[in-house]
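In case you want the letters, here they are:
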Amino acid sequence: MRKILLFSAALAFAFGTFLASCAAQAKSLSHTTQVGPYTVTLKLLPAESFSGGHSSMEWDGGAKPHMLNQAPHPNHHMVVFVKKQGKAVEKASVSISYHRMGSQSDQWTTLPVARMYVRGEGRGTTHYGNNVLLPPGNYVVRVTINDSTPGLFHIRVSKD
């Protein structure tokens, strides 16, 4: 019985270390473009927590957040900040899809878009997106705001 407990503890530690290394490998990037009348900033950040008293994000509607412990375990937080005339847009219909360049499939993956804001900072920090698992590679991200013509972002996710 003791061997099983030790094995379970070692397995849990290894899994936690793996998740922490995935989060640590996620590099931040930011790109801004115009999408119709909106200024849209795409940010790719380390995956964020949505649960518990110490979580950094407050879910405010839309799709359910993809939690850090859900498979496939996310390594990034892909979000867009939407502004109109310099002010954060707190309610919008936002769609985000992405495609890995050079993949054998030409299909776009749709990101379930949650609306959220930074806990303790208020709705002026409203942004849209979700946690996602992105292997290293080059991607095109397509963002549509309130049925506007989509804006395209080209990003590179590196190994480190």
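Residue indices follow the written sequence of each chain, beginning from 1 at its first position. Only residues with pLDDT of at least 70 get local features here, since the model is predicted, and only at 80 or more are side-chain atom pairs given and counted; chain-wide, interface and lining totals rely on the full set of residues. To get the side-chain values, all heavy atoms of the structure are used, and hydrogens and water are removed first.

Engineer: An account of the pairing of strand S8 (residues 114–118) is requested, with residue identities and associated values reported.
Structural biologist: Burial status follows relative accessibility: with a 1.4 Å probe on protein chains alone, a residue under 20% of its type maximum counts as buried, one over 50% as exposed, and anything between as partly exposed. Put simply, DSSP marks the helices as runs of H or I at least four residues long and the strands as runs of E at least two long, and each gets a number from the N terminus on. With four of five residues buried, S8 is to be regarded as a mostly interior element. Examined bridge by bridge, strand S3 (residues 57–62) and S8 share four bridges and lie antiparallel to one another. Its bridge partner being in S8, Trp59 is matched across the sheet by Met116. The pairing of S8 with strand S9 (residues 127–132) spans three bridges and is classified as antiparallel. In the strand pairing of S9, Met116 is matched with His127. A pair of strands counts as paired when DSSP detects no fewer than two bridges linking them.

Engineer: Requested: an account of the side chain of Asp60, with residues and values cited.
Structural biologist: When you line up the elements, Asp60 lands in strand S3. Look at Asp60 and you get buried, because its relative accessible area is 16%. Two N or O atoms count as a polar contact when they lie within 3.5 Å, although within protein this holds only if one can serve as hydrogen donor and the other as acceptor, and sequence-adjacent residues are included solely when both atoms are side-chain atoms. Side chain to side chain, Asp60 and Arg123 meet in a polar contact 3.1 Å long.

Engineer: How would you summarise the confidence of the model for the protein if you had to cite specific residues and measurements?
Structural biologist: Confidence of the predictor at the level of single residues is captured by pLDDT, which takes values from 0 to 100. Here the protein averages 83 in pLDDT, and 82% of its residues register 70 or above. The criterion used for residue contact is that any of the two residues' heavy atoms lie within 4.5 Å. Segment residues 2–26 is flagged for pLDDT under 50; beyond a separation of four residues in sequence, or across chains, it makes twelve contacts in the model.

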